[in-house]
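Descriptive structure summary
Below, each chain spelled out in residue letters.
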Amino acid sequence: MTDRIGGHMTNGGTRDHAATDRTATGGTTTDRTTADRTTTGDPTRLTDLTARALLAGYARGDFSPVDATRAVLDRIATVQPLVNAFVRVDSEAALAQAAESAERWRRQEPRGLLDGVPVSVKDLFLQRGGPTLRGSRAVRPGGAWDEDAPAVARLREHGAVLVGKTTTPEFGWKGVTDSPLNGVTRNPYDVSRTSGGSSGGSAAAVALGAAPLSLGTDGGGSVRIPASFCGIFGLKPTYGRVPLYPSSPFGTLAHAGPMTRDAADAALLLDVISGADWRDWSQLAPARPARDTLEAGADGVKGLRVAYSASFGGQVAVRPEVASAVRAAVSRLAELGAYIEEADPDISDPVEAFHTLWFTGAARLVAPFGKEQRKELDPGLREIVADGERRSALDYLAAVDARMELGRRLGRFHTSYDLLVTPTLPITAFEAGRETPKGSGQRRWTAWTPFTYPFNLTQQPAATVPCGVDGDGLPIGVQIVAARHADELVLRAAHALYESGAARIPAPAAG
């Protein structure tokens, strides 16, 4: 049975939470620092486990994929009214997939790398068996809906249990998650705040134990923004590492990537979703398995040359609490053996080039829509569509030139540095239901995401790792960036922060 999840949430209330790393799941309180060692098979605790811990438990026979899937479905039912992370949950199909997986594990014949692991999927990816409405009333739900996106097809091949589709702003157009179709997605740490976006449903779901893995997209920060706001790990791989189909209306700005509890789970998921698919002609050649790079990189960041840019040379105003937490994470990298130098890439803000590419992409997206369909669009989306329609082919080509120059400058920068570390965002989560913080005077979401969208222009791998909370208990993220194709360095550095305890933050208040 497919459960259509309603979209408009009540404001609800937040509760105080201790500074210890603890979370409540299914009525049982567990400590995240020890949750991965849980072997009791108690289904109320399974939602605390990483994908790797679930797989280890299946192999030992401590619990089954059916146990884990039931626990996740119960968790979704608990947290959905609080944060509105899902647009659709198919409990019957998920339990059927879990039962098939349990039988394979019983025969000691697991299929692939994720057999029996619950996974959620952002509602921008095609998933056969139900409509992909992309947060829009303008998309009609009728039709066959009989095709999987490449990453979803790879999840099925590896035995993953697909529990549901997560929320997105309309067509993923902005850095927060609310839409006319599905309403507002809220932050697990304070439900009056935004989850960020555009993969906000995925971030909230992972943070609250509603499946340990989720599949997100990132066209200007859409994996990293909500991962930072919600206190989880998010990776935007090098463009082409994860095949995409259909192609994004925002062209080669758009990436697909893992949203997980830690870097090691992200490496596992990346190895699955980066499998080849002929439908994406721009996909990269197969890379060394990401999880192998973590195992081989036992020295972590030792000897790596790391540039720390606190504010892009004073171009970005960063809140003091954010700056302090990020600096502490950088200090931890130094303690772990990295060579740290405060250095800023020789770049200026490329927002105008990004806007040209983004807004014209939006205009192209809705070009086939009739007048009535356009009336149904998010008002902010209509605004950027109108802006994009006014821009010329020469404007577009000038933006391409600016993009090439930005890539050249960052390419040169990475001849001196293995990694660039910045804040993921200069702020923490603000009021839900808004594109920009109240009273900021900012017009578009790009005004508060200056550290994320430049690396969509350059197609570099970039990840966010939680590194603290502010005075309101809201998560702060540190961003780790490498040269194109050096995804393994990003994962190694992120994994080192997790292994050292630097990524440990209090559990969410919601749920």
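It should be emphasised that the depicted structure is a prediction, and the values quoted were computed from it without experimental measurement. (Residues numbered from 1 in each chain as written. Predicted model: local features only at pLDDT ≥ 70, side-chain atom pairs only at ≥ 80, totals over all residues. Heavy atoms only, no water.)

1. Here we look at the overall build of the chain
Looking only at helices and strands, the chain features 16 helices and 18 strands. On C-alpha atoms alone, the chain measures out to a radius of gyration of 21 Å, which is about the 24 Å that the 2.2 N^0.38 rule sets for 511 residues. Across its three principal axes, the chain shows a C-alpha extent of roughly 60 × 60 × 45 Å. Looking at the chain as a whole, 62% of its 511 residues are labelled buried. Put simply, of all contacts in the chain between residues at least 6 apart along the chain, 76% involve residues at least 24 apart. (Helix = DSSP H or I, 4+ residues; strand = E, 2+ residues; numbered from the N terminus. Rg over C-alpha atoms; globule rule 2.2 N^0.38 Å. Buried < 20%, exposed > 50% of the residue type's maximum accessible area, 1.4 Å probe, protein only. Contact = heavy atoms within 4.5 Å.)

2. With respect to the pattern of salt bridges
On inspection of all chains with the given rule, the structure shows 36 salt bridges. For arginine 140, the salt bridge is made with glutamate 376, and the minimal N-O distance between the two is 3.2 Å. With arginine 140 in the loop between strand 5 (118-122) and helix 5 (150-157) and glutamate 376 in the loop between helix 12 (371-375) and helix 13 (379-390), the pair connects residues that are 236 residues apart, well separated along the chain. Between arginine 156 and aspartate 148 there is a salt bridge; the shortest N-O distance is 2.6 Å. Judged by its relative accessible area of 7%, aspartate 148 falls in the buried class. Through salt bridges with shared partners, one network takes in Glu147, Arg154, Glu157, Asp277 and Arg279. (Salt bridge = Lys/Arg side-chain N within 4 Å of Asp/Glu carboxyl O.)

3. Section: a nonpolar patch on the surface
Side chains of Leu394, Tyr396 and Leu397 sit close together on the surface and give an oily, nonpolar patch of about 330 Å² of accessible area. Along the chain, leucine 397 falls in helix 14 (residues 393-413). (Patch = residues over 30% accessible without salt bridge, like charges linked within 9 Å, V, L, I, M, F, W, Y side chains within 5 Å. Areas by Shrake-Rupley, 256 points an atom, 1.4 Å probe, with all protein chains shown as cover.)

4. A closer look at helix 3 (residues 65-83)
Given a rise of 1.5 Å per residue, 19 residues ought to cover 27 Å, and the 25 Å separating the end C-alpha atoms of helix 3 matches this to within 8%. The sharpest bend along helix 3 measures roughly 30° and falls at alanine 77, with the proline proline 81 sitting one to four residues further on. Among all positions in helix 3, only Pro65, Val66, Ala68, Thr69, Ala71, Val72, Leu73, Arg75, Ile76, Val79, Gln80 and Val83 are buried. Where helix 3 ends, the next residue or the one after it, asparagine 84, has phi of about 60°, a positive value. (Expected span 1.5 Å × (residues − 1). Bend = angle between axes of the 7 residues up to and from the residue.)

5. Comments concerning the confidence of the model for the chain
On average, residues of the chain carry a pLDDT of 92, and 91% of them reach 70 or more. Long-range and interchain partners of residues 6-44, a stretch whose pLDDT sits below 50, account for 90 contacts in this model, where long-range means more than four residues apart. (pLDDT = per-residue confidence, 0-100.)

6. Remarks on unusual backbone geometry
A cis amide bond links glycine 197 to the next residue, serine 198, at an omega of 10°. Position of serine 198 among the secondary structure elements: in the loop between strand 10 (190-194) and helix 6 (200-207). Following tyrosine 245, the chain continues to proline 246 via a peptide bond in cis, the omega torsion being -5°. In the Ramachandran plot, asparagine 84 falls in the positive-phi region, its phi being about 60° despite a non-glycine side chain.

7. Here we look at the packing of helix 5 against helix 8 (residues 263-273)
In a packed pair of helices, the relevant descriptors are the angle between the two axes and the axis-to-axis distance. The geometry of helix 5 relative to helix 8 is characterised by a closest axis approach of 8 Å and an angle of 105° between their N-to-C directions. When the interaxial angle is binned, helix 5 and helix 8 end up roughly perpendicular. The segment helix 5 lies against helix 8, with Ala151, Arg154 and Leu155 engaging Leu269, Val272 and Ile273. Tallied by class, the residues present in the contact of helix 5 with helix 8 amount to five nonpolar, no polar and one charged. (Axes fitted to C-alpha atoms, helices over the stretch in contact; angles between N-to-C directions. Parallel < 35°, antiparallel > 145°, perpendicular 65-115°, else oblique. Nonpolar A, V, L, I, M, F, W, Y, C, P; charged D, E, K, R; others polar.)

8. Quick notes on the pairing of strand 10
The element strand 10 is largely enclosed, with a buried count of four among its five residues. Where strand 9 (residues 186-187) lies against strand 10, two bridges are found, and the strand directions are antiparallel. Looking at strand 10, one finds that arginine 186 is bridged to threonine 194. Here strand 9 hands over to strand 10 after two residues, the two strands then running antiparallel side by side. (Pairing = 2+ DSSP bridges.)

9. Overview of the pairing of strand 12 (residues 233-236)
Side-chain positions along a regular strand alternate between the two faces of the sheet. Every second residue of strand 12 is oriented toward a common face, with Phe233 and Leu235 on one face and Gly234 and Lys236 on the other, all of them buried. Looking at chain direction, strand 12 and strand 13 (residues 255-260) are connected through two bridges and run antiparallel. Counted as the bridge partner of phenylalanine 233 is threonine 260 from strand 13. In this structure, strand 12 lies alongside strand 17 (residues 462-469), joined through three bridges in antiparallel fashion.

10. Quick word on the packing of aromatic side chains
Applying the stated criterion across every chain, the model contains 15 aromatic pairs. Measuring from centroid to centroid gives 5.9 Å for phenylalanine 354 and tryptophan 445, while their planes differ by 90°, and the two rings are edge-to-face. With a gap of 91 residues between them, phenylalanine 354 in helix 11 (residues 351-366) and tryptophan 445 in the loop between strand 16 (419-423) and helix 15 (454-457) connect regions that are remote in the sequence. Ring pairs connect the aromatic residues Phe250, Phe354, Trp358, Trp445 and Tyr453, which therefore count as one cluster. (Phe/Tyr/Trp six-rings, centres within 6.5 Å; stacked < 30°, edge-to-face > 60°.)

11. Brief notes about the environment of valine 161
One can find valine 161 in strand 6 (residues 161-166). Sequence separation between valine 161 and valine 117 is 44 residues, and the spatial gap between their C-alpha atoms is 5.7 Å.

12. Section: the environment of isoleucine 505
By the secondary structure assignment, isoleucine 505 is in the segment after helix 16 (487-500). By relative accessible area, isoleucine 505 is classed as buried at 6%. Spatially, the C-alpha atom of isoleucine 505 lies 43 Å from that of glycine 142, the residues being 363 residues apart in sequence.

13. Focus: the state of the cysteines
For the structure shown, the criterion picks out zero disulfides. Unpaired in terms of disulfides, cysteine 230 finds its nearest cysteine sulfur in cysteine 467, a separation of 15 Å. (Disulfide = S-S within 2.5 Å.)

14. Considerations on helix 14
The end-to-end C-alpha distance of helix 14 is 30 Å, a good match for the 30 Å that 21 residues give at a rise of 1.5 Å each. Of all the residues in helix 14, the buried ones are Ala399, Arg403, Leu406, Leu410 and Phe413. End-on view of helix 14: buried residues confined to an arc of 80°, all on one side of the axis. In this structure, helix 14 carries Ala393, Leu394, Asp401 and Met404 as exposed residues pointing more than 90 degrees from its buried face. Buried residues belonging to helix 14 abut strand 14 (305-308), helix 11, strand 16 and helix 15. Between the side-chain oxygen at the start of helix 14 and the backbone nitrogen of leucine 394 there is a gap of 3.3 Å, and the oxygen is on serine 392. (Arc of directions from axis to C-beta. Polar contact = N/O pair within 3.5 Å; in protein donor to acceptor, adjacent residues only side chain to side chain.)

15. Regarding the nonpolar core
Soluble globular proteins: nonpolar side chains tend toward being buried together. In terms of nonpolar packing, the biggest core is built from 72 residues, with Leu114, Phe125, Leu155, Phe233, Leu419, Val465 and Leu491 touching the most fellow members. Ranked by residues supplied to this core, first place goes to helix 8 with nine residues. Setting aside chain neighbours within four positions, we find leucine 419 in contact with Leu304, Arg305, Val306, Ala307, His414, Ile480, Val481, Ala482, Leu489, Val490 and Ala493. Counting residues in each nonpolar core, the second largest holds 47 residues, with Phe171, Leu377, Tyr453 and Leu457 among its members. (Core = buried A, V, L, I, M, F, W, Y, C linked by side-chain atoms within 4.5 Å.)

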